[in-house]
Amino acid sequence: MGILPRIWDALREGSPAKKGRRRPGLPSWRDAGGPDLEYHSDGSVDYANMVPLDGEEGELIDDEACFIDVRAVTGMDIISHLPPELALELLSFLDLPSILACLRVSRRWNELARDNSIWRTLFSRKEKDGWRVDLRRNQITWRLQPTSSRAVIPAPLEIKWYDMYRTRMELDRRWSNYPTAGLSADLSDDTIAEEKEVPKAWEPKVKRISGHTDSVYCLEFDSSRIITGSRDRTIKVWSLKTGRCLATFNGHRGSVLCLKFDRDWDVPCDVDEGEVSGVQRSVSPWAPRKGFMVTGSSDCSVCVWDLYAHPRISEADITAEVKAILRGHTGGVLDLKIDSCWIVSCSKDALIRVWDRKTLELRSTLCGHDGPVNAVGLQGNRVVSASGDGKMILWDVVSGERLRTFEGHDRGLACIEFKENLIVSGSNDCKIKVWDADTGECLRTLVGHEYLVRALTFDPRSGRLVSGSYDKTVKVWDLYTGKLVREFRGCHVSHIFDVKFDHCRIVSTSHDRKIVVLDFSEGLDTSLFV
C-alpha cells in the first residue's frame, strides 16, 4: 500500500496548473538582476515570456527552468496507465456515487468500474444494513450429483455482484413508500379497481394459502417452506414458492399455539459433518437431511420433532416424527424460543421453563409473573418474558436470577421480540415499545394500531419492524425512528395471530384460516439473499 500515497502525490504535483510556474522555495531570479524578467506576485518567474537563451538551450540546466506550455497540457489519465490490479485497488476505496461517476469517464474507466471485485466490495459494505448472501443457495452453480458426496459451492467472484447490487437496491426500494407517496395499500380482493389505480408505493404480490380447517395460530418460514400450527391440532408444511401443502403432522391433543424449527436445515454445506468431527465419511446427496422442530399446545405439552427433508430433483419431501414430549407446564404453552443450547417455553401457568436442547432435561423454572406469560425472547443466556400482568422481566438462564423488570405498557402484553440489545413489545394498549435491554430504558413508542398488537418481529440491521394486530392490518415501521413506513389492509378478514418477514416477503396467519404471503421480490432473482 506504500505506492498509493506516491501516486496521489504525483497526481497533485503534476497538475498542469503548477507546471508553468517556478516553486517559490528555489532562489529568486529577481536577485540575479535580470532586467527583462517578469515576476508573479509570489516571486516566481513567468517562463512563458522569458527572453531566449541565445544559443545556450542545449546546456544542462535546472529542470525547474524548463519551459512547459501550460495551454498544451491537458493532464494524464494515470488510472488507465496503472496495472489493472493497482487501478482496481484504488477504485475499491470509492463509494457508490464515485463509482457511478467513473462509469462515465471513458471506456477504460467504465471497464474498471464494472469489474466484479468492485461491486463485491460495495455490496459487502452494506452488510451492516442487512445485505447478506449465502452462496450455498446458488441454484445454478451447485448441484447434487449422484457421483459426488458433497455440493459444489461457487467462489465469491463467480457471482455477478453488479447484478446482485442492483437487485438488492430495487428490493429495498419496493419496501419503502419513497418516492411515490402511498403509505397505505388495500390488498383485499374486492377493492374497487379505480381506487387501486391511485398512484401508490410499490404493492407486493399477494398469495393466499388455504388448507387448515380452523384458526391458524402460528407460523415460521425459511427460504423454501412455511410451517404453520392451527386450532385444528395439525402442523402443516407448505411450499413457499407454490403454496402447495407438502406434509401434515399430528402429535398434539389440543390446538398448536406455537412452533420453532431450524431454518434451511437441508441446504447443502461445503463441509461434510464427518469432516468437522474429524471422521471421514461419505454422505449420499440423496440421503434424508435431518432437522429439528419444537411445538407447543393447549394440551400443556411441548413436542420435540425430528424433521427429514428427502432430496428430489424438484421439491424435497418432508417427513417428521416425535422425538420426545416435554411435560411440566400446567397450562397451555403459549410461546417457544430455541437456539443451539436452549429450548424456552412459557405458559398460561405464569411460568417460564428452560430445557437443555441436547439432553432435553429441565434446566430451570422461572417464576415472577402474576398472570399468563404470553411470549418470550431469547438472546444468548438471557430470556425476556412478557405477561398479561403488564410486566416484562429479563432473566439470566444459567442462574435463574431476575435481572430487570420493565414497566411502561398500560395493559397486558401479547408479544415480544429480543435481538442483539433491543427488546420490542406489543400490548393490548395498542402500542409497540422499543427498549434497551441493558438499561431498561424505553427508547420509543410506536402508535398506530387500533386494537391489540398480537404479533411482531424486527431486523436490527435493516431497521425494519413488522407488526400484526387484531385490527386486521399489517404495518411496517422504521425501528430506529418509530416512523410508520407501510400499512397493508385487506390481507385478512379477521384477527391476525402471527406475522413473520424476511428480505423478500411478509407472511401472516389469522383467525380466518388463511396464510397470506406478501411478496416484494416478483421478477427479481433473490435466491442468494438471506
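Visitor: Please provide a residue-by-residue account of the overall build of the protein chain, values included.
Guide: For the protein chain, the count of helices and strands is 10 helices and 29 strands. Residues classed as buried in the protein chain amount to 47% of the 530 residues present. The contacts in the protein chain between residues at least 6 apart in sequence include a share of 51% that link residues at least 24 apart. Element-wise, carbon and sulfur atoms account for 50% of the exposed surface of the protein chain, whose accessible area totals about 26,300 Å².

Visitor: Give a description of the sheet that holds strand E10 (residues 317–326) that names residues and reports values.
Guide: Read across the open sheet, the 4 strands follow the order E7-E8-E9-E10; overall the sheet is antiparallel. The open sheet has two edge strands with one neighbour each: strand E7 (256–261) and E10. Across this sheet, the average inter-strand angle for adjacent strands is 25 degrees, counted without regard to direction. Judged from the 8 bridges that link them, strand E8 (residues 289–297) and strand E9 (residues 302–310) form a sheet pairing that is antiparallel. Considered in E9, the bridge of Gly296 is made with Val302.

Visitor: Please set out the sheet that holds strand E5 (residues 234–239) residue by residue, giving values where relevant.
Guide: Strands sit in the order E3-E4-E5-E6 across an open sheet of 4 strands; the sheet is antiparallel. A strand with exactly one partner marks an edge of an open sheet, and here the two such strands are strand E3 (216–221) and strand E6 (245–250). In this sheet, adjacent strand axes meet at a mean angle of 20 degrees when their direction is disregarded.

Visitor: I'd like a description of the pattern of salt bridges, backed by residues and values.
Guide: With the rule as written, the count across this model stands at 21 salt bridges. Measuring nitrogen to oxygen at the nearest pair gives 2.2 Å for the salt bridge that ties Glu487 to Lys475. Within this pair, whereas Glu487 is found in strand E26 (residues 484–489), its partner Lys475 is found in strand E25 (residues 474–478), the two being separated by 12 residues in sequence. The exposure class assigned to Glu487 is buried, which follows from its relative accessible area of 15%. Taking the shortest distance from any N to any O, the salt bridge between Asp498 and Lys500 comes out at 2.9 Å. With relative accessibility at 15%, the residue Lys500 sits in the buried group. Three or more residues are tied together by salt bridges with common partners; here these are Glu220, Lys260, Asp498 and Lys500.

Visitor: Lay out the nonpolar core in plain terms, naming residues and giving numbers.
Guide: Counting 43 residues, the largest nonpolar core has Ile79, Trp119, Trp175, Val466, Phe488 and Ile506 as the members making the most contacts within it. Top contributing element to this core by residue count: helix H8 (residues 161–175), with 6 residues.

Visitor: Explain the packing of helix H7 (residues 116–124) against H8 residue by residue, including any values.
Guide: Where H7 meets H8, the axes come as close as 8 Å, and the angle between the chain directions of the two elements is 35 degrees. Only Trp161, Tyr162, Met164, Tyr165 and Arg168 of H8 make contact with H7, whose side of the interface consists of Asn116, Trp119, Arg120, Leu122 and Phe123. Class assignment of the residues belonging to the contact of H7 with H8 gives a composition of 7 nonpolar, 1 polar and 2 charged.

Visitor: Give me the lowdown on helix H4 (residues 84–91), citing residues and values where you can.
Guide: Buried residues of H4: Ala87, Leu88, Leu90 and Leu91, and no others. Mapping the buried residues of H4 onto a view down its axis gives an arc of 155 degrees, with all of them on the same face.

Visitor: Tell me about the side chain of Lys391, and please be specific about residues and values.
Guide: By the secondary structure assignment, Lys391 is in strand E17 (residues 391–396). Overall, Lys391 belongs to the buried group, its relative accessible area being 16%. The residues touching Lys391, leaving out its near neighbours within four places in the chain, are Gly368, His369, Asp370, Ser385, Ala386, Thr405, Phe406, Glu407 and Leu413.

Visitor: Give me H8: which residues, what numbers.
Guide: Taking 1.5 Å of rise per residue, 15 residues should cover 21 Å, and H8 covers 21 Å from first to last C-alpha, within 8% of that figure. Three or more residues of H8 are buried, namely Trp161, Tyr162, Met164, Tyr165, Thr167, Arg168, Leu171, Arg174 and Trp175.

Visitor: Before we move on, could you go through the packing of aromatic side chains and cite the residues and values that matter?
Guide: For the structure shown, the criterion picks out 14 aromatic pairs. When the ring of Phe123 is compared with that of Phe529, the centres are 6.3 Å apart and the planes differ by 20 degrees; the resulting orientation is stacked. One end of the pair, Phe123, is in helix H7; the other, Phe529, is in the segment after strand E29 (515–519), with 406 residues separating them in the sequence. In this structure, Phe123 and Phe529 share a single accessibility class: buried. Consider the rings of Phe261 and Trp265, whose centres lie 6.1 Å apart with planes at 90 degrees: the pair is edge-to-face. A relative accessible area of 6% means that Phe261 is categorised as buried. By relative accessible area, which is 13% here, Trp265 ends up buried. Through pairs of rings, three or more aromatic residues link up here, namely Trp119, Phe123, Trp131, Trp161, Tyr162, Tyr165 and Phe529. We note Lys126 situated over the ring of Trp131; from NZ or CZ to the ring centre the distance is 5.0 Å.

Visitor: Outline the environment of Gly490, supporting the account with residue identities and numerical values.
Guide: Among the structural elements, Gly490 can be located in the loop between E26 and strand E27 (496–501). As for Gly490 and Val474, which are separated by 16 residues in sequence, their C-alpha atoms are 9.2 Å apart.

Visitor: An account of the side chain of Ser92 is requested, with residue identities and associated values reported.
Guide: Structurally, Ser92 can be placed in the loop between H4 and helix H5 (96–102). With relative accessibility at 18%, the residue Ser92 sits in the buried group. Sequence-distant contacts of Ser92, that is, excluding residues within four places in its chain, are made with Ile118, Thr121 and Arg125.

Visitor: Mind laying out the pairing of strand E12 (residues 342–347), listing which residues take part and the relevant values?
Guide: When you tally the buried positions in E12, you get 6 out of 6 residues, the bulk of the element. Side chains Trp342, Val344 and Cys346 project from E12 onto one buried face, and the interleaved Ile343, Ser345 and Ser347 project onto a second face that is buried too. Alignment of E12 against strand E13 (residues 351–356), held across 5 bridges, turns out to be antiparallel. The residue of E13 that forms the bridge with Cys346 is Ile352. Counting the residues in the hairpin turn of E12 and E13 gives 3 residues, including Ala350, whose phi is positive at 70 degrees.

Visitor: Please set out unusual backbone geometry residue by residue, giving values where relevant.
Guide: Unlike most non-glycine residues, Asp264 shows phi in positive territory, near 55 degrees. Its identity is not glycine, yet Cys430 carries a phi of approximately 70 degrees, on the positive side. Checked against the element boundaries, Cys430 lands in the loop between strand E20 (422–427) and strand E21 (431–436). On the basis of relative accessible area, Cys430 is assigned to the buried category, the value being 17%.

What counts, and where the lines are drawn
- Residues numbered from 1 in each chain as written.
- Predicted model: local features only at pLDDT ≥ 70, side-chain atom pairs only at ≥ 80, totals over all residues.
- Heavy atoms only, no water.
- Helix = DSSP H or I, 4+ residues; strand = E, 2+ residues; numbered from the N terminus.
- Buried < 20%, exposed > 50% of the residue type's maximum accessible area, 1.4 Å probe, protein only.
- Contact = heavy atoms within 4.5 Å.
- Areas by Shrake-Rupley, 256 points an atom, 1.4 Å probe, with all protein chains shown as cover.
- Pairing = 2+ DSSP bridges.
- Axes fitted to C-alpha atoms, helices over the stretch in contact; angles between N-to-C directions.
- Salt bridge = Lys/Arg side-chain N within 4 Å of Asp/Glu carboxyl O.
- Core = buried A, V, L, I, M, F, W, Y, C linked by side-chain atoms within 4.5 Å.
- Nonpolar A, V, L, I, M, F, W, Y, C, P; charged D, E, K, R; others polar.
- Arc of directions from axis to C-beta.
- Expected span 1.5 Å × (residues − 1).
- Phe/Tyr/Trp six-rings, centres within 6.5 Å; stacked < 30°, edge-to-face > 60°.
- Lys NZ or Arg CZ within 6 Å of the ring centre and 35° of its normal.

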